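Reading the structure
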Amino acid sequence: GYILLQTSVFNWEHAFSKIKFFSTFQTKEMSLIRNTILECQVCGFHEPQSRCHPNPCYNGVSCMESMMFPGYQCGPCPDGMTGNGTHCQDIDEVPLIVMCLDTLLPGSFKCGQCKAGFVGHQTAGCCVRRTCETLGYKPCDVNAHCVMGHNSDISCVCNIGWAGSGNICGPDSDIDGYPDGPLPCIDNDKHCKDNCANTPNSGQEDTDGDGIGDQCDEDADGDGIKNVEDNCRLVPNKDQQNSDTDSYGDACDNCPNVPNGDQLDADGNGKGDICDNDIDGDGIPNVLDNCPNIPNPMQTDRDGDGVGDACDSCPEVNDPLQSDMDNDLVGDVCDTNKDMDGDGYQDTRDNCPEVPNSSQLDSDNDGIGDECDNDDDNDGIPDILPPGPDNCRLVLNPSQKDTDANGVGDMCETDFDNDKVTDLLDACPESAEVTMTDFRAFQTVILDPEGDVQIDPNWVVLNKGTEIVQTMNSDPGLAVGYTAFNGVDFEGTIHVNTDTDDDYVGFIFGYQDSSSFYVVMWKQTEQTYWQNLPFKASAQPGLQLKAVKSRTGPGEYLRNALWHTGDTPGEVTLLWKDPRNVGWKDRTSYRWHLTHRPQVGYIRLRLYEGKALVADSGVLIDTTMRGGRLGVFCFSQENVIWSNLGYRCDDSIPDDFILYQKQMNVRT
């Protein structure tokens, strides 16, 4: 399994010192031992029996009760065997000599890194990389799939339309991550039963504790007043007192004596911004604060324009007006719009100006982005080139100690980026800056700022940033997270929770500014936009994927171009449309999975209704945007839920892209 690298110096003593023995594993057929204890039919309602009786571990291996799923822990495998205690297999005692020398040719050779599919190093040798396919047993529920982490840890994830722990899965009609009916489980706060089986609510919020989720409870706060009439939907207030003129009752109004329909509270202190004399909570009163909405107790202002560096869109150029027409967070006075690699960062601010890297990740803070830095952790071991590759690319480890010879250094064995979140739980295992999906911090982008026919969207974020609700029949708008991505997998459940109206819902990716982004949008029925100027726009039902590269930016041209199904020169290009021409259904949950690899222009969109795959774009190639931010989109449609949102950094090239390339080469 080694690649031989020729060196210019021949040293037999040194060469033979590299010959080592290692053991390989002989896979035997094993019976999958399943724990069939089903006494806990409904979580928390019955006293569970011991999880160790009958013994779920391998024959002869001890079992111990555990509070962690699945309720037990197995001891070590018997001598001469290897495994996790539940499943064990024999160790092949026949050693294998790994020869990395060629004695017939002049000169000497040394071993390079293991070939693809193998792990190890020059001292211990190479063995087959552990994958879900090579386990020899099936660790997951029949309706789940196996996921292997950086350090070969295994996790199980229920398939789309199913929910549970992965070891046990049940049907999930609304695709919010919770099963319709109760499952035998021990983690009572998750995976057990959906309190709102037909409406997505991935946070399972239940204000009045009646077992019915707020999203489908007609009286969510239990005060005897129906939600549609209640001025405090989630706070009991039978008197419905409202001292100001906004729509929020005093019991839930964060400024009860000052109208503030947006209820904004930047510092989360329970006092609305409009009546808080220190909006950002940094100890500096608003009237003296050079960044009233962003905490900056030091009040640093390098360019002396009265705007603190913490909120200055051009911190090194005097610009008190802070104009940013394209909503890219770079002020107009210092925005050159010169971006040679197309990653959304202008060259003067890009830490890899010739290599697309929208994430701008710089693990060692040396000013050179990881994408173009050959030593990301600055430990003296190159990432790829000899004497590398570095077995902990993001963690300082000059010793390169790798006790189990699996190719991953001990320093980053379970946490590759050293962010204190294990790889299996980490949304971006190779970025310490991103650990979980979270849209609580987002930028609102209004795509028709001059329009007055409809109001702007009203975004509500739930479940620690993994669920978004838009309540209004609004102008086109975006809620965009601040995290930028290179390669990414983005998924979520979309559900229109009303039988009123029939307009656009969707999501975005590759967002670089308000004129440059990809949008996936879905119209329910055919309709001509009611404003015929500046041009007539006709919408057709069916899922669409568009590349927005607008010369005009937010306004009436982009508004009508988004509504129109098809290309609009200078504004929008239609990359793909679902040939079924089927619109979305009222009160029906759909799950999308978007794969984007901007380094090669790969895009693929899949859509599921329940458990069934109903639309697939196939492989699309487009390099209009080389990475960017994620978010959600709506246009004239109220009561939209984006639930169970998830993103994961991934720069790996999908297998179907390789196949696509081969097919293209054959055709040419």
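Given the structure is predicted, the values throughout are model-derived calculations rather than measurements. (Residues numbered from 1 in each chain as written. Predicted model: local features only at pLDDT ≥ 70, side-chain atom pairs only at ≥ 80, totals over all residues. Heavy atoms only, no water.)

1. What about a nonpolar patch on the surface?
Together, V147, V157, L424 and L425 make up an exposed nonpolar region whose accessible area comes to about 310 Å². With respect to the element layout, V157 can be found in strand β12 (residues 154-158). (Patch = residues over 30% accessible without salt bridge, like charges linked within 9 Å, V, L, I, M, F, W, Y side chains within 5 Å. Areas by Shrake-Rupley, 256 points an atom, 1.4 Å probe, with all protein chains shown as cover. Salt bridge = Lys/Arg side-chain N within 4 Å of Asp/Glu carboxyl O. Helix = DSSP H or I, 4+ residues; strand = E, 2+ residues; numbered from the N terminus.)

2. Here's the deal with the nonpolar core
Judged by nonpolar contacts, the single largest core of 39 residues is most densely connected at F490, F509, L545, W592, L605, W642 and Y647. If we ignore the near neighbours within four places in the chain, the residues touching F490 are F439, F507, I508, W592, H593, L594, L630, G631, L645, G646 and Y647. V445, I508, V519 and W563 belong to the second-largest nonpolar core, a separate cluster that totals 21 residues. (Core = buried A, V, L, I, M, F, W, Y, C linked by side-chain atoms within 4.5 Å. Buried < 20%, exposed > 50% of the residue type's maximum accessible area, 1.4 Å probe, protein only. Contact = heavy atoms within 4.5 Å.)

3. So, the pattern of salt bridges
Overall, the coordinates contain 17 salt bridges when judged by the stated rule. The closest approach of N and O atoms between D578 and R580, which form a salt bridge, is 2.8 Å. D578 gets classed as buried once you look at its relative accessible area, which sits at 3%. Relative accessible area serves as the criterion here: at 35%, R580 is assigned to the partly exposed category. For R606, the salt bridge goes to D616, with nearest N and O atoms at 4.0 Å. Remark: D616 occurs in strand β28 (residues 612-616) and R606 occurs in strand β27 (residues 602-609); sequence separation between them is ten residues. Classification of R606 by relative accessible area gives partly exposed; the value is 22%. Salt bridges sharing common partners tie together R604, R606, D616 and D656.

4. A look at the UniProt feature "repeat: TSP type-" (unreviewed entry) in the protein
On the UniProt side, "repeat: TSP type-" (unreviewed entry) is annotated at positions that read residues 205-240, 264-299, 323-360 and 401-436 here. Helix makes up 0% of residues 323-360 and strand 0%. Its end C-alpha atoms lie 24 Å apart. The span residues 401-436 is 0% helix and 0% strand, and its two end C-alpha atoms sit 29 Å from each other. (UniProt positions renumbered as here; feature names shortened; annotations may be inferred.)

5. So, the state of the cysteines
Throughout the structure, instances matching the rule amount to 13 disulfides. In this model, C158 is linked to C169 through a disulfide, with the two sulfur atoms separated by 2.1 Å. Every disulfide takes its handedness from the sign of the S-S torsion; for C158 and C169 that torsion is -90°, giving left-handed. Here C158 is found in strand β12, whereas its partner C169 is found in strand β14 (residues 169-171), with eleven residues between them in sequence. One exposure class covers both C158 and C169, and it is buried. Paired through a disulfide, C428 and C649 show a sulfur-sulfur distance of 1.8 Å. Its S-S torsion of approximately 65° makes the covalent link between C428 and C649 right-handed. (Disulfide = S-S within 2.5 Å.)

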